[in-house]
Amino acid sequence: MLRKELEKNLKDIKEDVNQEIPKYLEEGIILNQINRKVQNELQKEFNIQQDFELNFRSIFLEFILNLQKQKMIQKQIFNPPKSISDLFLGSYFYLEDVPKINRHPILKQIIDHINMRINNYFQHHISTLHQLIDQQKLIDSQSTRSSQIDIEIDSNQIIPDEQQQKQQKQESELIDLAKFKNPTEEQLNCPYCVCKKINQIAQKSLAFRCAICKNYFHSSCLRIEKPKKVFVCPECIIIGMDPLHELQESILDPIIFQSLEGRANQFISKFQLKKGLPSEHLIEIRSIKIDGQFQDISWPDLGDLQLNGKKIQEFRPLAHNSSLKKRKDEKLELKLEQGQVNLLTIREQNQTPELKAYRINQGIPYMLGIFQVRIYKLSEFIKKIKMDQNCLLGIEQSKKFIQLSILQNQFDEVKMESIKVSLDCVYDLNQIQTPARGNICEHIQCFSLENLVTMMKNVTPRKWKCPICKQMILGLQIDAYQMCILTIIKQFNLKINEVSFNQFGEVENPELRELLQQQESILPDSTRSNNNRIIQLEQISQRILKISNQVVAGSQIKQQKSHPPLLPEPKPIKKIGNSFSDAILID
């Protein structure tokens, strides 16, 4: 009975992966990067008689699926899968020995992209896979079929003194990396939460620690229904949501506008521009909805925004039958005069019977702020990120990041000896120029900084999300280790488009490793190692140490209720950096 349940779950996952393959292929085929000569070669190779762009996708998809079926038959891989090994071996496309693909580098790049996206799929479903591994251990701990996954069966074995000392040293290093501190009484009072901004008393609920500012916020106030892997508070999001428009100064610190259910509503606030603006600066007003998501700019569904009695923006709701999931709201630019006292008014209109055909949600709080921002040109921004030491992940830190990623999988009972990383960018499948990732992303894989920034520059509205894990990007991180690898590959004209790292964070390729050691010896200290706070190291270390992220607050918090502390000063505008998240249960 248990085996049937396992096989059914494996079959469901395999079918999900199969349904995603055409989409992954579509992403991987960048036809405008294929010159006419290569198109002609591929037309002859695959016998495409008519429109290449129209037919190549379907023909190539059928080709690789047939090859995959043949490989599975040759290697006796069951389909539907009967084991975790069948699932993995039958999902990836191992086609390195196929002449047609080897003759055309673009085809290999497409296959690599598909495999990378399949790997991302498995990473997003890692908890489910762990459950299936546990099931398989119960069913057949001594499988006669070969497996690419080694499962630790006996976790209670006696550890020799030497190994025990090694584990104690490792645990000490992890504790140092985790940088975990218990919250203070002041932090437990959630002084920056939404409820404090509108003078409400929050009910007992979980409180989450913001990954950026390290302050705590009631989940009920933010309408968060379940814990997030990485929690970032609305204020830090509204500050860092567009790195190309870097905040220089707060004109009106983030405040709460409380929408009212079924009633007309008006919000008024005064502010003043105290000094003039440089030519590359402007004034922006930003607003996000406190609905548990708060990742994008959002304005009230129905109403308008006025500045000094003049309407500057009208808000109209989407119709119920609209194909859009969400209205495409944007930041708004304000034209202000130095020294003038300004009156900002947001009017929310009441929903009338004739508006029933429209999507109107009321009774939801919004956070808005007015900021002086610097607008970067594309080349200026890329240069700034590359030169900023705060955006650099040093070589030693990068190696530690790789070690922890492998170690994390071992603690999760999936033993890994190495991690393979592609040196091609997910955007265009060409070699990465400047290897970068978001500062709260946990994958070793990088994308090209230049490609990301170019993509974001041309998107409206601008939503900074990682192309690999879809996490918000509130800051960027340059990987010095992978940058050094790419530099050596270009310098010595090496034919390498992917690299494997062992459990010590070292490159497995002997030739490349030797060249790296020579290069590292002449690099500046700041490139080899720096003192930046790296969120990934903290997150993974805490996870491995199994540090509890929930704690019950008792009488101390109740005493604070009878003598509520004064509200703190508004949080200073800060540069978005690395961070981590906790959750606690408080009054």
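My aim in this report is to walk through the structure given alongside it, one point at a time.

Reading the values: the criteria
- Residues numbered from 1 in each chain as written.
- Predicted model: local features only at pLDDT ≥ 70, side-chain atom pairs only at ≥ 80, totals over all residues.
- Heavy atoms only, no water.
- Helix = DSSP H or I, 4+ residues; strand = E, 2+ residues; numbered from the N terminus.
- Buried < 20%, exposed > 50% of the residue type's maximum accessible area, 1.4 Å probe, protein only.
- Contact = heavy atoms within 4.5 Å.
- Areas by Shrake-Rupley, 256 points an atom, 1.4 Å probe, with all protein chains shown as cover.
- Core = buried A, V, L, I, M, F, W, Y, C linked by side-chain atoms within 4.5 Å.
- Axes fitted to C-alpha atoms, helices over the stretch in contact; angles between N-to-C directions.
- Parallel < 35°, antiparallel > 145°, perpendicular 65-115°, else oblique.
- Left-handed = near helix turned anticlockwise from the far one by under 90°.
- Nonpolar A, V, L, I, M, F, W, Y, C, P; charged D, E, K, R; others polar.
- Arc of directions from axis to C-beta.
- Polar contact = N/O pair within 3.5 Å; in protein donor to acceptor, adjacent residues only side chain to side chain.
- Pairing = 2+ DSSP bridges.

**Notes on the overall build of the protein**
A tally of helices and strands in the protein yields 20 helices and 17 strands. Expressed as a percentage of the 587 residues in the protein, the buried residues total 50%. Considering only contacts within the protein whose residues lie at least 6 apart along the sequence, 76% involve residues at least 24 apart. Here the protein displays about 30500 Å² of accessible surface, and carbon together with sulfur accounts for 48% of that area.

**Describing the nonpolar core**
Note that soluble globular proteins tend to have their nonpolar side chains buried in a common cluster. Ranked by internal contacts, the top residues of the largest apolar core, which has 59 residues, are Cys210, Phe217, Phe231, Val232, Phe271, Ile285 and Ile370. At six residues, the largest contribution of residues to this core is made by strand S10 (residues 365-375). In contact with Phe271, other than residues within four places in its own chain, are Ile251, Leu252, Leu307, Leu334, Leu336, Gln340, Val341, Asn342, Leu344 and Ile370.

**Some words on the packing of helix H1 (residues 2-28) against helix H6 (residues 105-124)**
Two numbers describe how H1 lies on H6: the axes approach to 9 Å, and their chain directions differ by 140 degrees. Between H1 and H6, the interaxial angle falls into the category oblique. By crossing handedness, the relation of H1 to H6 is classed as right-handed. Residues Ile13, Asp16, Val17, Ile21, Lys23, Tyr24, Leu25, Glu27 and Gly28 of H1 lie in contact with H6, whose contacting residues are Ile110, His113, Ile114, Arg117, Ile118, Tyr121 and Phe122. Partitioning the contact of H1 with H6 into residue classes produces 10 nonpolar, two polar and four charged.

**So, unusual backbone geometry**
Omega for the bond connecting Asn79 with Pro80 falls within 30 degrees of zero, at 5 degrees, which places this linkage in the cis form. If you trace the backbone, Pro80 turns up in the loop between helix H3 (52-74) and helix H4 (84-91). With a phi angle near 60 degrees, Arg223 is a residue other than glycine that sits in the positive phi range. Structurally, Arg223 can be placed in the loop between helix H11 (219-222) and helix H12 (234-240). Residue Asn493 is not a glycine yet carries a positive backbone phi of 55 degrees. Here Asn493 shows up in the loop between helix H16 (480-491) and strand S16 (498-502). Judged by relative accessible area, which is 56%, Asn493 ranks as exposed.

**Comments concerning helix H17 (residues 510-520)**
Here H17 has its buried residues at Leu512, Leu515, Leu516 and Glu520. Along the axis of H17, the buried positions cluster into a sector of 135 degrees, meaning they face one direction only. Residues of H17 that are exposed and point more than 90 degrees away from the buried face comprise Pro510 and Gln517. For H17, the capping residue at the N-terminal end is Asn509, with a side-chain oxygen 3.0 Å from the backbone nitrogen of Glu511.

**Brief notes about the sheet that holds strand S3 (residues 245-258)**
Spatially, four strands are ordered S3-S10-S5-S8 in an open sheet, and the strand pairing comes out antiparallel. Bordering the open sheet on either side are S3 and strand S8 (332-334), each of which pairs with just one other strand. Geometrically, the sheet is characterised by an average inter-axis angle of 25 degrees between neighbouring strands, direction not taken into account. Of the strand pairs in this sheet, strand S5 (residues 281-289) and S8 are connected by three bridges, and their pairing is antiparallel. Bridge pairing in S8 links Ile285 to Leu332.

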